[in-house]
Amino acid sequence: MKRREPPATNEAVRRSMLGNTKKDTSIELLLRHALFKRGVRYRKNVKSILGTPDIAIKKYRLVVFCDGDFWHGNSNHSVKTHKKFWDEKIKRNRERDLEYTIRLRDDGWTVIRFWESEIRNDLDSCVEKILNVIYNKKTIITDICNGMYLK
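Within each chain, residues carry numbers counting from 1 in the order of the written sequence. In keeping with the model being predicted, local features are shown solely for residues with a pLDDT of at least 70 and side-chain atom pairs are shown and tallied solely at 80 or more, while totals for entire chains, interfaces and linings include all residues. Computation of side-chain values covers all heavy atoms of the structure but excludes hydrogens and water.

A. Local environment of the nonpolar core. Judged by nonpolar contacts, the single largest core of 21 residues is most densely connected at Leu31, Leu35, Phe114 and Ile130. Of all elements in the fold, only helix 2 (26-37), strand 2 (55-57), strand 3 (62-67), strand 4 (110-115) and helix 5 (123-145) reach the threshold of two or more residues within this core. Secondary structure elements are taken from DSSP: a helix is a run of H or I of four residues or more, a strand is a run of E of two residues or more, and numbering for both begins at the N terminus. With six residues, the single largest contributor to this core is helix 5. As used here, the term nonpolar core means buried Ala, Val, Leu, Ile, Met, Phe, Trp, Tyr and Cys residues forming a set that is joined through side-chain atoms within 4.5 Å. Exposure classes here rest on a 1.4 Å probe applied to the protein chains alone. A residue is buried below 20% of its type maximum, exposed above 50%, and partly exposed in between. By size, the runner-up hydrophobic cluster in this structure holds eight residues, among which are Ile49, Val63, Phe65 and Leu104.

Here you go:
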């Protein structure tokens, strides 16, 4: 006979929510380890940059955010309790993401955002996207140093 789980109590929900962290999530670790293997050196959770990006490469003014599917609204999972609260929270998270992306781009940063499912399902293409941005920025820096943009 299959054991039935007891209904979620406020305490059970509270303990579950405590397990959700802001940094060093499993998807961040996956992406960071893959980047490190490819020779990319970065800073993590840089508080001095707007939005505290998960990965920052200051030399190339590149920031990467790893957005959880549920928390940032890319999930078909619907909540059963406190629906209004969660809908408003996720909507505000999406608005904040857009606001930070615009402000960072206006300040000269390249912003890359990956969904949790994107990282889990196709890690290699996420890494390649970051490497392409770095390569393109390296090329521009090299060209500037060689005087190509001074003519």
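B. Layout of the environment of serine 26. Inspection of the secondary structure puts serine 26 in helix 2. Taking the relative accessible area as the measure of exposure, serine 26 reaches 39% and is therefore partly exposed. With 94 residues separating them in the primary sequence, serine 26 and arginine 120 have C-alpha atoms 9.4 Å apart.

C. Quick look at the packing of aromatic side chains. Pairing of aromatic rings covers Phe, Tyr and Trp, the last through its six-membered ring, and needs centres within 6.5 Å; plane angles under 30 degrees mean stacked, over 60 mean edge-to-face, and all others mean tilted. For the structure on display, the rule yields one aromatic pair. Residues phenylalanine 85 and tryptophan 86 carry aromatic rings whose centres are separated by 5.0 Å and whose planes lie at 80° to one another, so their mutual orientation is edge-to-face. Accessibility expressed as a relative area gives 49% for phenylalanine 85, which makes it partly exposed. Two limits define a charge over a ring: the Lys NZ or Arg CZ must be within 6 Å of the ring centre, and within 35 degrees of the ring normal. The ring of phenylalanine 36 has arginine 41 lying over it, and the distance from NZ or CZ to the ring centre is 3.7 Å.

D. Fine view of the pattern of salt bridges. For this analysis, a salt bridge means a side-chain nitrogen from Lys or Arg found within 4 Å of a carboxyl oxygen belonging to Asp or Glu. In this structure the tally under the stated criterion is ten salt bridges. Arginine 32 serves as the salt-bridge partner of glutamate 28, at 3.5 Å between the closest nitrogen and oxygen. With a gap of four residues between them, glutamate 28 and arginine 32 both fall in helix 2, about one helical turn apart. In this structure arginine 32 comes out as buried when scored by relative accessible area, which is 6%. The partner of glutamate 95 in a salt bridge is arginine 92, and the shortest N-O contact between them spans 3.8 Å. Of this pair, glutamate 95 and arginine 92 both sit in helix 3 (residues 83-106), three residues apart, which is roughly one turn of that helix. For glutamate 95, a relative accessible area of 38% translates into the label partly exposed. Arginine 92 sits in the partly exposed class, given a relative accessible area of 36%. Here the salt bridges share partners, and the residues they tie into one network are Lys91, Arg92, Glu95, Glu99 and Arg103.

E. Up close: the sheet that holds strand 4. Between any two strands, at least two bridges found by DSSP are needed for them to pair. Taken together, four strands build an open sheet; the order of strands is 1-2-3-4 and the sheet is mixed. One side of each edge strand has no neighbouring strand; the edge strands of this open sheet are strand 1 (43-44) and strand 4. Relative to strand 4, strand 3 runs parallel, the two sharing six bridges. In the strand pairing of strand 4, leucine 62 is matched with threonine 110. The strands that helix 2 touches are strand 1, strand 2, strand 3 and strand 4; relative to strand 3, the one it contacts most, it runs at about 140°. Across the face of the sheet, helix 5 comes into contact with strand 2, strand 3 and strand 4 while running at roughly 175° to strand 4. By definition in these notes, contact holds between two residues if any of their heavy atoms fall within 4.5 Å. Here an angle of 0 to 180 degrees is reported between the N-to-C directions of two axes, which are lines fitted to C-alpha atoms, with helices fitted over the stretch in contact.

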